[in-house]
Amino acid sequence: MLTFFQKIVLKTSNFALNSKFKSYFDISLSKNLSIKPSNKDYMLYIHVPFCHTFCTYCGFHKYLYDEELAKRYFENLRKEIKQTKELGFDFSTVYVGGGTTLINEDELLKTLQLCKTLFNIKEISCESDPNHIDAESLKNFQGLIDRLSCGVQSFNDNILKKTNRYHKFGSSKELINKLEKAISILPIFSIDLIFNFPTQSEDELLYDLQVAKNLQANQITTYPLMKSELSKKLITKSFGKNLKDRELEFYELIQDFFKDYKQNNCWSFSLKKEELSDEYVSYHNDYLGLGSGAFSFIDNELLINAFDLNEYEKLVNEGANAKISKISFKQKDILRYNFLTKLFSTKLDIAKFNQNFACDLEKDLSLEIKALKMANFVYEKDGVLYLSKQGQYLFVTLMKEFYTNMDTVRAFFKKTNAL
C-alpha cells in the first residue's frame, strides 16, 4: 500500500503530466512536413488500422475491415515505405501495431518482406489477436516476425462478453486451445492481459495470470484498463460504474505472482532475460511511424500521419509526405518524457542518460528526482536509479496517463475527419 505522502506525489505527478500534455494540445494542420534522417538508430512503426469488430475499451485508430480497402491500403503503405527509403532512413527494428495487424496475412507478408529488403532489419515485433494465431498461418512468418504479442486481455468468459470479444474470438476454453498450438511457432510469443476491469474480482485476475503462466508464453504483459474519452462511456455502458478502483491492489498482486519471472518493465514479465520488450518507447528515443494515423517522434517533435484513408492515399500517391501535423516540445519536457520512458524499464543509468541526452539529469530534473526519492519511489545505487515496488506502480499510472493522452490526439483527428 502507499503512504499518505506517496499518494500525494502520485496524484501530483499524474496531474502534472496531464497538464503538460494539454498545454501542447494546440494542433495545427499542415502539409509536406519535412523529415530527414540524422545519425540515430531509428525504429520503424507501421500501423494497420483495420478490425473485424471493435472492442469496448479500445481507443486506437481503426476502421471496419473491408478486403479491397485493406489491399489498397497496404499498397499505399508499401509506397510510403519506399519513399522513406528514398529519404535516406534506415531501421534496425520494426514494430507493427493496430488495429488487427494480421488481418490480411498475405499483404502483411509482402510488406514485411519489403522492409527486410530495403532496410537492415534485425528484429520485427508484431501484435495479433486470437483469431490470427493459426499455427499453419504463423509458419509463413517464420524468419520474419521475431516476437508476436497476442492481445488475449482475459480468460474470463463474462469479461470477454462485456468487451465484445467472446463472439469475436471464442470462449476461454477456445482461446487456450488456440494459444497452445501457436505459442512455439515463432521465437517469442507474448500474452497480453488487462487488469482492473470494473467488477473484476481477485480470483478472476489470479485465474487469468495462472492460465497465462501455465501456457508457458515467453512473456506476459499486464496492462491496467485505460479509460480515454473515446472509451470510458462504452466501458461504463458494458460494465457499469466502478464503485471501487482496485488498480493498486491488483498490481501488487501481479508483482507478487510474477516474482519468479524477469521483469522487462513495470508491466511486462518474461521467462528469460533476453526476451524483447513490449514498450518500444522505452528503448527507442526516435521512431518513424508509417501508415494512416501513425505517430512519429523525431528530433523532439511528435509528427502525425493523415488519419483519413482517402487523404492518406492521395498524399502518398502524390509523392508527398503523409504527415499532416506536428507538436513541438520544450527541451525540459523532452527530458521529462525520456526520463519517464527510460525509468519505466525499472532502472536508469544516470551517466548513460546524460550522455544520450546531453544533459545533467540530477540538476535539470532535481525537484522531480528529490520528490521521488523522498517518497521512496526511487533509490540510487552506484549511479543507477531504481524504482521501488511502489515506484513501479507510480510509473504504471504515468505510462497509462501518457497513452490515454495519446488517445486524446486520436479523438481530435477522428472529429476532424468527421467534419
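Note: the structure precedes this text.
Residues numbered from 1 in each chain as written. Predicted model: local features only at pLDDT ≥ 70, side-chain atom pairs only at ≥ 80, totals over all residues. Heavy atoms only, no water.

S.K.: Mind showing me how you'd approach the pattern of salt bridges here?
M.R.: Two side chains bearing opposite charge may form a pair once their charged atoms approach each other closely. A complete count under the given rule lists 14 salt bridges for this structure. A salt bridge links Glu 136 to Lys 139, with the nearest nitrogen and oxygen atoms 3.1 Å apart. For Glu 136, a relative accessible area of 51% corresponds to the exposed category. When its relative accessible area of 38% is taken as the criterion, Lys 139 is described as partly exposed. For Lys 326, the salt bridge identified is with Glu 301, shortest N-O distance 3.4 Å. Remark: Glu 301 occurs in strand β13 (residues 301-305) and Lys 326 occurs in strand β14 (residues 323-328); sequence separation between them is 25 residues. Linked through salt bridges whose partners overlap, the residues forming this network are Arg 78, Glu 107 and Lys 110. (Salt bridge = Lys/Arg side-chain N within 4 Å of Asp/Glu carboxyl O. Buried < 20%, exposed > 50% of the residue type's maximum accessible area, 1.4 Å probe, protein only. Helix = DSSP H or I, 4+ residues; strand = E, 2+ residues; numbered from the N terminus.)

S.K.: Explain unusual backbone geometry to me, please; I cannot follow it from the model alone.
M.R.: The phi torsion of most residues other than glycine is negative, and most of the peptide bonds are trans. Cis geometry is found at the peptide bond from Gly 98 to Gly 99, where omega equals 20°. Considering the arrangement of structural elements, one finds Gly 99 in the loop between β4 (91-98) and α3 (105-118). At Thr 199, a residue that is not glycine, the phi angle is positive and equals roughly 75°. One can find Thr 199 in the loop between β7 (188-195) and α8 (202-214). Classification of Thr 199 as partly exposed rests on a relative accessible area of 49%.

S.K.: Can you help me understand the packing of aromatic side chains in this one?
M.R.: Taken as a whole and assessed by the stated rule, the structure comprises 23 aromatic pairs. Seen from their ring centres, Trp 267 and Phe 344 are 5.0 Å apart, and the 75° between their planes marks the pair as edge-to-face. A residue pair is termed long-range when its members are at least 10 positions apart, and Trp 267 in the loop between β9 (262-265) and β10 (268-270) and Phe 344 in the loop between α12 (331-343) and β15 (347-349) qualify at 77 residues. Look at Phe 339 and Phe 395: their rings are 6.4 Å apart centre to centre, the planes differ by 65°, and that puts the pair in the edge-to-face class. Placement of the pair is Phe 339 in helix α12 and Phe 395 in helix α16 (residues 389-418), with a sequence separation of 56 residues. By way of ring pairs, the aromatic residues Tyr 223, Trp 267, Phe 297, Phe 329, Tyr 337, Phe 344, Phe 402 and Tyr 403 are connected into one cluster. The ring of Tyr 166 has Lys 161 sitting right over it, with the charged end atom 4.9 Å from the ring centre. Note that Lys 213 overlies the ring of Phe 257, its terminal NZ or CZ placed 4.2 Å from the centroid. (Phe/Tyr/Trp six-rings, centres within 6.5 Å; stacked < 30°, edge-to-face > 60°. Lys NZ or Arg CZ within 6 Å of the ring centre and 35° of its normal.)

S.K.: Help me understand the pairing of strand β17 (residues 384-387), please; the structure alone is not making it clear to me.
M.R.: Each regular strand shows side chains that alternate between the opposite faces of the sheet. Of the strand pairs in this sheet, β15 and β17 are connected by three bridges, and their pairing is antiparallel. What sits directly across from Lys 347, in β17, is Tyr 386. Across four bridges, strand β16 (residues 378-381) lies against β17 in antiparallel orientation. Opposite Glu 380, over in β17, you have Leu 385 as the bridge partner. From the end of β16 to the start of β17, which pair antiparallel, there are two residues, and Asp 382 there has a positive phi angle of about 55°. (Pairing = 2+ DSSP bridges.)

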